[in-house]
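# Structural overview
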Amino acid sequence: MVTLDAHLLAMDSRTGQIGLDVVLEDYRVGYSATLAPLIVKDKVILGISGGEYATRGFIDAYDPPDREACLAFYTVPEAGAPGSETWPNIDAMKRVAAAPG
């Protein structure tokens, strides 16, 4: 599961003990996580939330045993990156945390 303070958690279904706790991003600057993670084979895929704050949306894939992100895809390009020309207002790019859902 994910949490409003931008953590990815995995719990033992029998004991309820947390076996994995990964900080996705800093909740103090507006990041949160509200979408259910998607499990594909041995990867956990999730999108970040927080579009009402100046955050950049992204999708991550995690390899649970390593607790490391193995893929990071920003859904909003940074200024100067391919696709940024489609954003007429640079400030708007900072305010979108778009993830499929």
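Residues numbered from 1 in each chain as written. Predicted model: local features only at pLDDT ≥ 70, side-chain atom pairs only at ≥ 80, totals over all residues. Heavy atoms only, no water.

Okay, the overall build of the chain next. When its secondary structure is counted, the chain shows one helix and six strands. Counting from the amino terminus, the chain carries its helices and strands in the arrangement β-β-β-β-β-β-α. A burial count over the chain gives 32% of its 101 residues as buried. Intrachain contacts of the chain at a sequence separation of at least 6 include 37% that bridge at least 24 residues. When the accessible surface of the chain is totalled, it reaches about 6500 Å², and 57% of it is carbon and sulfur. (Helix = DSSP H or I, 4+ residues; strand = E, 2+ residues; numbered from the N terminus. Buried < 20%, exposed > 50% of the residue type's maximum accessible area, 1.4 Å probe, protein only. Contact = heavy atoms within 4.5 Å. Areas by Shrake-Rupley, 256 points an atom, 1.4 Å probe, with all protein chains shown as cover.)

Here we take up the pairing of strand β1 (residues 7-11). The two faces of the sheet receive side chains in turn, since in a regular strand these alternate between them. Of the pairings in the sheet, the one linking β1 to strand β2 (residues 18-23) comprises five bridges and is antiparallel in character. Across the sheet, M11 pairs through a bridge with I18, a residue of β2. (Pairing = 2+ DSSP bridges.)

Where strands meet in a sheet, backbone hydrogen bonds hold them as pairs that are either parallel or antiparallel. An order of β3-β4-β5-β6 is seen for the four strands of this open sheet, with the pairing classed as antiparallel. Taken across any chain shown, the strands that pair with only one partner, and hence form the sheet edges, are β3 (38-40) and β6 (68-74). Taken pair by pair, the neighbouring strands of this sheet meet at an average axis angle of 20 degrees, ignoring direction. Sheet topology note: the strand β4 (residues 43-47)/strand β5 (residues 58-63) ladder contains four bridges and is antiparallel. (Axes fitted to C-alpha atoms, helices over the stretch in contact; angles between N-to-C directions.)

Here the structure, examined in full by the defined rule, presents two salt bridges. Of the charged contacts in the structure, one is a salt bridge between D42 and K43, with a shortest N-O distance of 3.4 Å. (Salt bridge = Lys/Arg side-chain N within 4 Å of Asp/Glu carboxyl O.)

The subject of this paragraph is unusual backbone geometry. The phi torsion at A6 lies on the positive side, around 60 degrees, for a residue other than glycine. Take A6: it is sitting in the segment before β1.

Below, the discussion takes up the nonpolar core. In this structure, V2, L8, L24, L46, I48 and Y62 are the most contacted members of the largest nonpolar core, which totals 13 residues. Residue contacts for L24: discarding those within four places in its chain leaves V2, A6, H7, L8, A33, L46, I48, F58 and Y62. (Core = buried A, V, L, I, M, F, W, Y, C linked by side-chain atoms within 4.5 Å.)

Before going further, it helps to examine the confidence of the model for the chain. A residue-level look at the chain finds 86% of positions with pLDDT of 70 or above and a mean pLDDT of 81. Across the chain, β3 holds the top mean pLDDT of 92, while helix α1 (residues 90-93) sits lowest at 58. (pLDDT = per-residue confidence, 0-100.)

Time to look at the packing of aromatic side chains. In total, this model carries two aromatic pairs according to the counting rule given. Taking 6.0 Å as the distance between ring centres and 50 degrees as the angle between the ring planes, the aromatic pair formed by Y31 and F58 counts as tilted. Of this pair, Y31 sits in the loop between β2 and β3 while F58 sits in strand β5, and the two are 27 residues apart along the sequence. Since its relative accessible area comes to 5%, F58 is described here as buried. With 6.0 Å between their ring centres and 70 degrees between their planes, F58 and Y74 make a pair best called edge-to-face. In this pair, F58 sits in strand β5 while Y74 sits in strand β6, placing the two residues 16 residues apart along the sequence. (Phe/Tyr/Trp six-rings, centres within 6.5 Å; stacked < 30°, edge-to-face > 60°.)

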